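# Summary of structural features
If you want the building blocks of each chain, they are given just below.
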Protein chains: 2
Amino acid sequence: MQKVETTSHIVDPFHTDYKKQLSWETLGVDLLNAAENHASKRGFGMKDVNDVNYTWVLARLVVELNLTPIVYQNYHIDTWVDKVYSLFTNRNYAIRGDDGVVFGYARSIWSTINYETRKPVDLIEFHGEKFEEYCAPELPCPIKPYSRIKPLAEADMVKYHKVTYSDIDMNGHVNSMKYLLHLRDIFSLEQYRQQRLRRVELQYQKEAYYGQWLQFFMNSDDKDVYDVEICRTDNKTDEKGEVCVKARLIFE
Amino acid sequence: MQKVETTSHIVDPFHTDYKKQLSWETLGVDLLNAAENHASKRGFGMKDVNDVNYTWVLARLVVELNLTPIVYQNYHIDTWVDKVYSLFTNRNYAIRGDDGVVFGYARSIWSTINYETRKPVDLIEFHGEKFEEYCAPELPCPIKPYSRIKPLAEADMVKYHKVTYSDIDMNGHVNSMKYLLHLRDIFSLEQYRQQRLRRVELQYQKEAYYGQWLQFFMNSDDKDVYDVEICRTDNKTDEKGEVCVKARLIFE
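Computed from a prediction, not measured in an experiment: that's the story for all the values here.

Calculation notes
- Residues numbered from 1 in each chain as written.
- Chains lettered and ligands numbered in written order.
- Predicted model: local features only at pLDDT ≥ 70, side-chain atom pairs only at ≥ 80, totals over all residues.
- Heavy atoms only, no water.
- Helix = DSSP H or I, 4+ residues; strand = E, 2+ residues; numbered from the N terminus.
- Buried < 20%, exposed > 50% of the residue type's maximum accessible area, 1.4 Å probe, protein only.
- Contact = heavy atoms within 4.5 Å.
- Pairing = 2+ DSSP bridges.
- Axes fitted to C-alpha atoms, helices over the stretch in contact; angles between N-to-C directions.
- 1 Å grid on protein atoms, 1.4 Å probe; cavity = no way out; pocket = protein on both sides within 12 Å on 5 of 7 lines; lining within 4 Å.
- Points joined across faces, edges and corners; volume = space filled by probe spheres on them.
- Nonpolar A, V, L, I, M, F, W, Y, C, P; charged D, E, K, R; others polar.
- Buried area = accessible area lost by both parts, 1.4 Å probe.
- Salt bridge = Lys/Arg side-chain N within 4 Å of Asp/Glu carboxyl O.
- Polar contact = N/O pair within 3.5 Å; in protein donor to acceptor, adjacent residues only side chain to side chain.

Residue and element names in this part refer to chain B. Along the chain, Gly 43 falls in the loop between helix H1 (24–41) and helix H2 (46–50). Accessibility expressed as a relative area gives 34% for Gly 43, which makes it partly exposed. Ignoring any residue separated from it by four or fewer positions in sequence, one finds Gly 43 in contact with Asp 48 and Lys 130.

Now for unusual backbone geometry. Note on backbone geometry: most residues besides glycine have negative phi, and most peptide bonds are trans. Phi at A:Lys20 takes a positive value of approximately 65°, unusual for a residue other than glycine. A relative accessible area of 31% means that A:Lys20 is categorised as partly exposed. At B:Asp99, a position not held by glycine, the phi torsion is positive, near 55°. As for its placement among the helices and strands, B:Asp99 is situated in the loop between strand E4 (89–96) and strand E5 (102–114).

Moving on to the sheet that holds strand E8 (residues 213–220) of chain B. Where strands meet in a sheet, backbone hydrogen bonds hold them as pairs that are either parallel or antiparallel. Residue and element names in this part refer to chain B. The ten strands are arranged E1-E3-E4-E5-E2-E7-E10-E9-E8-E6 in an open sheet whose pairing can be described as antiparallel. Whereas interior strands pair on both sides, the edge strands pair on one side only; in this sheet they are strand E1 (5–10) and strand E6 (157–162). Direction aside, the axes of adjacent strands within the sheet are offset by 20° on average. Relative to E4, strand E3 (residues 74–84) is paired through eight bridges, and the arrangement is antiparallel.

Turning our attention to the layout of surface pockets. In this model, the second largest pocket occupies a volume close to 1,200 Å³. What lines the second largest pocket is a set of 39 residues, and nearest its centre among them are A:Tyr160, A:His161, A:Lys162, B:Tyr160 and B:His161. When contributions to the lining of the second largest pocket are tallied by element, the ones reaching two or more residues are strand E6 (157–162) and helix H5 (176–184) of chain A together with E6 and helix H5 (176–184) of chain B. A per-class count over the lining of the second largest pocket returns 16 nonpolar, eleven polar and twelve charged.

Residues and elements named next belong to chain A. Taken in spatial order, the ten strands of this open sheet run E1-E3-E4-E5-E2-E7-E10-E9-E8-E6, and their pairing is antiparallel. Since the sheet does not close on itself, it has two edges, and those belong to strand E1 (5–10) and E6, each with one partner. Neighbour-to-neighbour, the strand axes of this sheet turn through a mean angle of 20°, independent of strand direction. In this sheet, strand E7 (residues 197–204) lies alongside strand E2 (residues 54–65) in antiparallel orientation, the contact comprising five bridges. From the neighbouring strand, Glu 64 faces E7, where its bridge partner is Arg 199.

With that settled, the discussion passes to the interface of chain A and chain B. Contact residues are listed per partner, giving 33 residues for chain A and 33 residues for chain B. Note on chain A versus chain B: buried area summed over both sides is about 3,300 Å², and carbon and sulfur give 66% of it. A per-residue breakdown of the area chain A buries against chain B is headed by A:Phe14, A:Tyr165 and A:Met170, which together make up 28% of the total. On inspection of chain A and its partner chain B, the count reaches zero salt bridges. Between the two partners, chain A and chain B, sit 14 residue pairs in polar contact (both at pLDDT 80 or more). Counting residues per element, the ones that place at least two in the side of chain A that touches chain B are helix H1 (24–40), helix H2 (46–50), H5 and helix H6 (189–194) of chain A. The residue inventory of the side of chain A that touches chain B, partitioned by class, reads 16 nonpolar, eight polar and nine charged.

Functional significance is not addressed by these values, which are geometric in nature.
Listed below in structure tokens is the structure:
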């Protein structure tokens, strides 16, 4: 079986922002589904692991778009496994348009965890040697890897969000792309009017659950790079909780 | 050309709620896209009207599901134009599964408005006689039409929401399915654990814009039927603003 799997989409009018550009959460979900499509065809998809009481969780995601697809444009997502470590696997993506256009690339890191204990398993042991056969480290993914995001101070809190029903996915925790939605909503429409979001980095550290509060701490060294920590607390408080997600958003 | 157009989907793991059931907002967007797919193939889609500075807006939507699709199930959306009036058109939907399963039906009312003046146009005059040729009033849509939702009192406010960047779509106003998201988030995870959402009615009256506040007023005559009014105000206030959306949600 080939190492790369491609899924094709069209930017439909109801998955764009006010500038008619593909929404980043939609692209994010498309990347997750592209991964699932690739994995399930090779016997290690969500359903395969769910059936034995395990699940895939996303540890890190970085997406960089030199060009944002706009309404009615086609976009094609190529995805492949880059490497497998014991507890993690790297999966990369190329996001292409028609006629050789390259919108951008993405990198992700995943682990398989036990549904009850939430502990990660050894991937080769769990999925078997076949998992390694699909690795394609020779394929290029010419975007920088994850940044090191420094801890932020309590003084930098910019918003609260109480976790709602729609934030929760079938893994029982706040969905990875919902964090992205809430992150993007920190910024004003005016900022999006003047600048384009070019790169998003997400580092998932702990899970947040229904009824918890999310605190958003933000800092910016210059006007285009924003570091954010999303922390969870059981009650609404100014005191910094446990970090769930670290993120960096880069505008241009 | 045939009168009915069908689009097919699979419930992917990232468009479900914590019970692995298809999220209603995803289905809602699928219904909008099914409409767009049907209309654009017949020369009166979003792009056709946008090109001459008009746009389609949804005036009413009712969706009733006797069975909610769950993860990995296929669902097929049939859509057709039921009737055309001067300023409005009725579009219906059947939501089917594989092997003759019927998940439910939907009804919608649309108008074409001028992008600048926001005034509706005469549909036959604007789109031409061909529009009427596609009407299929003979096709069944066996769910009740829209209810009459009575005005609610200021005392019934259950939440505020400040309109964010991600709420706004390419029409420059709060997206119709975002209201549904915020409506569904009024209810607790516990309620969804005990009950299933069976029917949603949405009546769009006025547009809300970036930076405005939405107030949610809710009333329930019995424990399964919830009437909600969503009002817009320029500032955060308890005083009831102008009604944007009237809604009814029925659980079972």
